[in-house]
Amino acid sequence: MTVKLIRGNQEFVHRMLQEDPNYFSRLRQGQNPEIFLLACCDSRVSPSIITGMPPGNMFVHRNIANQALETDPAFTASLHFALKNLKVKQIIVKGHTGCGGVAAAREEKVDPEMEGWIREIRKSLPDPKEQPDLPPDELSRLNVLHQVQRLKHHPVYRKHGQGVKVDGILFHLESGRLELLI
């Protein structure tokens, strides 16, 4: 598997140098992305690939079911760095259909190692006793919308995010299309 990654990297380097011989020299000079993107870590929804964005255009934080949690120090640090140091102009929360984290949040039992995280995802979704028949893709949509609101109320965003737009998008696995939610 590692050999496959190395070959893919060699192809990437070759392609980028053909397009721009100074590409990697410019990358080394620093980053100046306009977008901070919070996404799920699902292997099928790589943000740079599905948006066609080359390296350096988005500062990306990924976790299971794209959660914008105040209690997550990794997310808080990423958000702070994006807003205060990189001065991004936009934040995007990207969820996707077929999200395993969202599906797990509707399950009664999950692995003990996942319980704390899944509990947070559950807080983002309607109570299954009140709305038991919501389709999984609708739950993914509602999760994105909830994370947008969480992000807007995050202390780091409130302190450093003045004028920074926050959007929510949903990636449809079945079509490859992105849908702007807000």
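Now for a quick tour of the structure. None of the values given here were measured: they were computed from a predicted structure.

**A look at the environment of H172**
Phase 1 of the analysis: Its location among the elements puts H172 in the loop between β4 (165–171) and β5 (178–180).
Phase 2 of the analysis: Classification of H172 by relative accessible area gives buried; the value is 15%.
Phase 3 of the analysis: In this structure, the C-alpha to C-alpha distance between H172 and L69, residues 103 residues apart in sequence, is 24 Å.
Phase 4 of the analysis: In contact with H172, not counting residues within four places along its chain, are T97, R141, R177 and E179.
Phase 5 of the analysis: Polar side-chain contacts of H172 include one of 2.7 Å to the side chain of E179.

**Some remarks on the pattern of salt bridges**
Phase 1 of the analysis: Under the definition given, this model contains eight salt bridges.
Phase 2 of the analysis: Residues R150 and E120 are paired through a salt bridge, measuring 3.7 Å at the closest nitrogen-oxygen approach. Pair noted here: R150 is in helix α7 (residues 136–153) and E120 is in helix α6 (residues 115–123), with a separation of 30 residues, a long-range link.
Phase 3 of the analysis: For R150, a relative accessible area of 16% corresponds to the buried category.
Phase 4 of the analysis: According to the relative accessible area criterion, E120 is buried, its value standing at 17%.
Phase 5 of the analysis: The salt bridge involving D167 is made with K165; its shortest N-O contact spans 3.7 Å.
Phase 6 of the analysis: Overall, the relative accessible area of 8% leaves D167 in the buried class.
Phase 7 of the analysis: Residues participating in the shared-partner salt-bridge network are E120, K123 and R150.

Conventions we followed
Residues numbered from 1 in each chain as written. Predicted model: local features only at pLDDT ≥ 70, side-chain atom pairs only at ≥ 80, totals over all residues. Heavy atoms only, no water. Helix = DSSP H or I, 4+ residues; strand = E, 2+ residues; numbered from the N terminus. Buried < 20%, exposed > 50% of the residue type's maximum accessible area, 1.4 Å probe, protein only. Contact = heavy atoms within 4.5 Å. Polar contact = N/O pair within 3.5 Å; in protein donor to acceptor, adjacent residues only side chain to side chain. Salt bridge = Lys/Arg side-chain N within 4 Å of Asp/Glu carboxyl O.

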